[in-house]
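Each chain is listed here by its residues.
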Amino acid sequence: MSSHPTGMAVNTRLVARPVPGLFTRLWTGSLSHWVGQYSHPMTWTGLTIFVLLLLFSWGGPWVYPADPLAIHANHILLAPSWRFPLGTDNLGRNMLARMMAGGRVTLEVGLLGSFIALFMGVLYGMSAALSPRWLDKVLMRLLDALLALPGLVLMIFFAALVPLNALSLVLVLGFLSWPGLARIVRNEALAYKERDYVLAARQFGAGTFYIARTHLMRSMLPILIVNATFMVADLILALSGLSFLGLGIQPPHPSWGGLLNDGLQLVIIGPWWLIVFPGLAIFLAIVAMNVLGQGLLARLEGR
Amino acid sequence: MRAVIPPKPGPAGLQVQDLGVSFGRGRKAFDVIDSLSFQVGAGETLGLVGESGSGKSMTAAALMGLLPWGGRISAGSVRLDGTELTQLSAPALRAVRGREIGMIFQNPLSSLNPSLTIAQQIAEPYRLYGGADAQAARTHALDLLREVGVPDAARRLDDYPHQFSGGMRQRVMIAMALVCHPRLLIADEPTTALDVITQAQILRLIRRLQKALGMAVIFITHDLSLVAEHADSVMVLYAGRAVEQGPAEAFFRAPRHPYSQALLHAIPRLAKPEERLSDIDGLPPRPQEFSKGCRFAPRCPAVTPECLNAYPQRQGGAHHFYCMHPVGGSA
Amino acid sequence: MKRMILNRLGTSALSLFLLVTIVFFMIHATPGGPAYSILGLHATPQAVAALDRQMGLDHPVWQQYGIWWEHLLEGNLGYSFTQHAPVASLMGAYLKNSILLYALATAIAIVFSVIIGMWQGYWAERTPGLVIGGLQMIVYSLPVFFIGTLLILFFAIDLNWFPPGGIGGDEHWQSGGAHIGSYIQHMILPGVTLALPLTAGLSRYFGHQARDEYRLDYVRTARARGVPPFRIAVNHVLRNAIRPLVTVIGMMIPAIFVGGVLTESVFNYPGLGWLLWRSALEQDYPTLTAIVLLIGILTILGNLGADLLNSILDVRVRYE
């Protein structure tokens, strides 16, 4: 199970129904129709917050160019001011610049890791669904055993084994986050597999791979999109957690989780800006993705 | 038997005068029930007839003060044995519901709480409002179960609803409704979910208990044949208004409103109940679409332009109706 | 019924077996193999070879797998070089601390989830229900370690009401005999920290459950019989809405562990999660492996327990 209750609910609550031509509509250019069908106030709220965070992290340096690693002994632990909008840390480093740099690595690793996890989850889930019954059973038992190990616990285990940099973290996060999704994909695929149009395609001699690629994937695309948003939220949380624990992005390179931990180390002298800003950034990224996913889910369920 | 509740002055039974029910506020407000007047004396039965969506169940909810969220009684009065119910506070109204009005619903299984025993459910209002202790309540529940004809009642007291058959569940529902010997019993399609034989048994049971307790009964149904058999008077509802009402005998001898006429013609003889309205085209309007004219006009075979301009005047005495072109000519 | 229980026991046993196997291969999949895992990434080849011989790692993999099982069944989890003690002997104290903290947090979460969920179910699709839903989304998205840090900043540093971390009693927290008042004081902030996200998730689930119950006919029956709203809530709705609670708590176990690791690390609370974190930082692989195994086993057993308890509770009352 992914540790995400809403993600869990996707599987059980969604009544399987085909959404024909979702790709087709995209390709033929009637994007507005597609947007209209899936638009929901929550979707727009989440999307807006997330885009703002992306702009902050990647566009910010153009507006406010400053070195996130430069140490200045003459302005240590300054509260937010015009010169340092988010203050400085105990080495006099510019917090705003560090937040931007931390955002880049956090969002990057979160998004890339999600791609891997999504790919793995679909691959495993589809394989199980399209396998003979006995193999499906074996694969599902294996999944159960894997799901008994909470994601973050496994990540901590592997983080202790690998050299910690952005690439290895993408791999660790990606390859450890797919089991929950795999189960959803497998159950969805099983539900669609017995549909008339799939049976018909089979009768016309369509191969297993063709069916998986066209019919099953297309039918479950909306559910995948919803789960992808939850996945991004989960991985941003996981990466921030690891970095917070000192097992993620390593100092001096900033990441939101690492910055929050720096703040915690100095909590005794109470520099709130070192705690509130990174924490808020992580929260905003997660809430953006969760709200976005909930909005999509609401539309899928016909609310 | 009536020791629990002292009798009150005033005419016995239920009097409803110009009852109106509205939803929403301001310009978005709309009426779902409009100018409803009727009475049911103690020991009498009123048959409330109409299609689904005609306001039958909403009328019952209004009488009990149980309108859905956003609904309110916007006009009129409801008097039960002389007590004005629309003016009562919420706790007082609850006490009236607990003691003086009993209600039976369409689907007995879903209307029973699956995780409480029959004894617990029957006795609940008796303990809340009758002041009985646990032992007395249990004895009372047992008496009631016997009264409604549940075999082997003593052993079934601690069973759960799912352990009963459909007919037995409806008997349990009746026992629950009668627990404080109410003055008014509202039976909302009590037999729709039951087979024909059980249906007859249940209706006979209700009638026997009505005689014994002197209750006023409102019998809500879409089945005119049941009304013909069991009711003393009839009220036909269409789109939240009464289109025709009066003594059952007079009504069935000569229904005057085209809608009543159509309903009567639709009584299935050997056909399935689903087909009963098949000879009226179209659907009743939704409350937001009520016009100022006759609401049946769009589906009426006798419609003329003036039907659309104003709601028809009341015609007739005890047996009266609201139509400009009644069946059998004007009075 | 009996069949169901046997079936459930069987699948749990299979899951346990697979779990132990997965963890074995996890260790062997590490770069350089388990010797590196134990000696660290900077070990000399000689030391690695020596340890390989000593641990029987020069045997073929299937023999090592046998040895791995043998050691496990003997309760031999290896030796911690950083704690200077056999791993198995370390676990007890940490496990006890964790269970206390997790039980406290779960208890807080259940109590508040029931209250909030009933409220939300009653007000579903109206303003109060929507406000609660929004709050749940916000709290659910707050990282545990952010909540913990904020609570320390506010309640421990600014207000000085609670200690910022650690555990009560004497400084040698492992030796037990802790002063109970101080112990409780140290548990409050981590307990609340861990309870908050759990409450957000559980109350949301419970709110949906209560909302669905409120829509059922039996609630209408109870209203029609003059049962007061509070009594309807407690005696009718709650009774039905609370039924899946045991199962849901079983499903929450992984989330409790994840939250627990982070909470214990923020507050330096010496539980299993804290030990996991420390051994990861210090690359103490035997301890790390043991904790991962233990958490997996506890999760499987927890789910099994929840299912069995539920089937016992469910025998009494069942929908058809």
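Residue numbering note: each chain is counted from 1, following its sequence as written. Chains carry letters and ligands carry numbers; both start at the beginning, A for chains and 1 for ligands, and go up in the order they are written. Totals for whole chains, interfaces and linings use all residues, but because this is a predicted model, local features are given only for residues with pLDDT of at least 70 and pairs of side-chain atoms are given and counted only at 80 or more. As a rule here, side-chain values come from all non-hydrogen atoms in the structure, and water together with hydrogens is ignored.

Chain B carries the name ABC transporter ATP-binding protein in an unreviewed UniProt entry, which gives Acidithiobacillus ferrianus as its organism.

Going by an unreviewed UniProt entry, chain A carries the name ABC transporter permease subunit and comes from Acidithiobacillus ferrianus. UniProt positions are given in the numbering used here, feature names are shortened, and annotations may be inferred rather than shown by experiment. Under the heading Subcellular location (unreviewed entry), UniProt records this for chain A: "Cell membrane". For chain A, the Sequence similarities (unreviewed entry) comment in UniProt is given as "Belongs to the binding-protein-dependent transport system permease family."

J.: Which parts of the structure should I look at to understand the overall build of chain A?
T.: Only runs of H or I of at least four residues qualify as helices and only runs of E of at least two qualify as strands under DSSP, and these elements are numbered from the N terminus. Assigned secondary structure in chain A consists of 13 helices and zero strands. Looking at chain A as a whole, 55% of its 303 residues are labelled buried. Every residue pair with non-hydrogen atoms within 4.5 Å of one another is taken to be in contact. The contacts in chain A between residues at least 6 apart in sequence include a share of 74% that link residues at least 24 apart. Total accessible area on chain A is roughly 12900 Å²; 70% of this is exposed by carbon and sulfur atoms. A 1.4 Å probe rolled over the protein chains alone gives each residue an accessible area, and that area as a share of the maximum for its type sets the label: buried under 20%, exposed over 50%, partly exposed in between. Each accessible area is a Shrake-Rupley estimate made with a 1.4 Å probe; only the visible protein chains count as cover when residues are assessed.

J.: I tried to follow the interface of chain B and chain C on my own but got confused; where do I start?
T.: Across the boundary between the two partners, chain B contributes 30 residues, which contact 24 residues of chain C. For the chain B and chain C pair, buried surface summed over both sides reaches about 2300 Å², with 54% attributable to carbon and sulfur atoms. Here, a salt bridge means any Lys or Arg side-chain nitrogen found within 4 Å of an Asp or Glu carboxyl oxygen. Counting the contacts that link chain B with chain C gives one salt bridge. Residue Arg231 of chain C is joined to Glu124 of chain B by a salt bridge in which the shortest nitrogen-to-oxygen separation is 2.7 Å. Pairing of N or O atoms within 3.5 Å defines a polar contact, subject to two protein rules: one partner must be a possible hydrogen donor and the other a possible acceptor, and residues neighboring in sequence count only if both atoms are side-chain atoms. Joining chain B to chain C, the criterion identifies 14 residue pairs in polar contact (both at pLDDT 80 or more). Ranked by the residues each element gives to the side of chain B that touches chain C, the list is headed by helix H3 (residues 118–129) of chain B, at seven residues. When residues are grouped by polarity, Ala, Val, Leu, Ile, Met, Phe, Trp, Tyr, Cys and Pro land in nonpolar, Asp, Glu, Lys and Arg in charged, and all others, Gly among them, in polar. Each residue belonging to the side of chain B that touches chain C can be placed in one class, and the counts come to 17 nonpolar, nine polar and four charged. In this description, buried area is defined as the sum, over both parts, of the accessible area (probe of 1.4 Å) that is lost when the two are combined.

J.: Explain the interface of chain C and chain A to me, please; I cannot follow it from the model alone.
T.: In many reports, interface size means the accessible area that the parts give up when they come together. Contacts between chain C and chain A engage 49 residues on the former and 47 residues on the latter. Around 4200 Å² of area is buried between chain C and chain A when both sides are counted, 84% of it from carbon and sulfur atoms. The three residues of chain C that bury the most area against chain A are Tyr140, Phe145 and Phe146 of chain C, which together make up 13% of that side's buried surface. Linking chain C with chain A are four residue pairs in polar contact (both at pLDDT 80 or more). Sorting the residues of the side of chain C that touches chain A by element identifies helix H1 (2–28), helix H6 (127–141), helix H7 (144–158), helix H8 (180–214), helix H11 (245–266), helix H12 (272–281) and helix H13 (285–316) of chain C as the ones contributing at least two each. If you tally residues by element for the side of chain C that touches chain A, the top one is H1 of chain C, at nine residues. Looking at the side of chain C that touches chain A residue by residue, the classes come out as 36 nonpolar, 12 polar and one charged.

J.: Which parts of the structure should I look at to understand the environment of Thr149 of chain C?
T.: Tracing the backbone through its elements, the reader meets Thr149 of chain C in helix H7. In contact with Thr149 of chain C, not counting residues within four places along its chain, are Phe244, Leu260, Leu264 and Ile275 of chain A together with Val266 of chain C. Here the side chain of Thr149 of chain C touches Phe145 of chain C through a polar contact of 2.5 Å, landing on its backbone oxygen.

J.: Help me understand empty space enclosed by the protein, please; the structure alone is not making it clear to me.
T.: To find leftover empty space, a probe the size of one water molecule is rolled over the atoms. Residue and element names in this part refer to chain B. Put simply, the grid is 1 Å and covers the protein atoms alone, a cavity is a trapped set of points that fit a 1.4 Å probe, a pocket is an open set with protein on both sides within 12 Å along at least five of seven lines, and lining residues have an atom within 4 Å of a point. Grid points are joined across faces, edges and corners, and a volume is the space filled by probe spheres set on the points. In the structure shown here, the tally under the stated rule is nine cavities of 30 Å³ or more. Its volume calculated, the largest cavity comes out at about 100 Å³. For the largest cavity, the full set of lining residues is Thr45, Ala187, Leu203, Ile206, Arg207, Gln210, Val217, Phe219 and His230. For the lining of the largest cavity, the secondary-structure elements that each account for two or more residues are helix H7 (196–213) and strand E8 (216–221). With four residues, H7 is the largest single contributor of residues to the lining of the largest cavity. When its residues are assigned to classes, the lining of the largest cavity shows five nonpolar, three polar and one charged. Residues that form the lining of the second largest cavity fall into these classes: 10 nonpolar, two polar and no charged.

J.: Could you clarify how one ought to interpret the UniProt feature "transmembrane region" (unreviewed entry) in chain A in this entry?
T.: Residue and element names in this part refer to chain A. If you check UniProt for "transmembrane region" (unreviewed entry), the listed places come out as residues 44–64, 109–130, 223–249 and 269–293 in our numbering. Overall, residues 44–64 shows 95% helix and 0% strand. The separation of its end C-alpha atoms is 27 Å. Helix makes up 81% of residues 223–249 and strand 0%, and the two end C-alpha atoms of the span are 31 Å apart.

J.: Just to check I follow, could you spell out the sheet that holds E8 of chain B for this structure?
T.: By definition, the strands of a sheet pair up through backbone hydrogen bonds, in either a parallel or an antiparallel sense. Residues and elements named next belong to chain B. With mixed pairing, eight strands are arranged side by side in an open sheet as E6-E7-E8-E3-E9-E10-E12-E11. Of all strands in the sheet, those with a lone pairing partner are strand E6 (101–104) and strand E11 (314–316), marking the two edges. Between one strand axis and the next, the sheet turns by 20° as a mean value, whatever way the strands run. When strand E3 (residues 45–49) meets E8, the two strands line up parallel, connected through five bridges. Pairing between strands requires that DSSP locate at least two bridges from one strand to the other. The convention used is that axes are lines fitted to C-alpha atoms, helices contributing only their stretch in contact, and that angles between N-to-C directions extend from 0 to 180 degrees.

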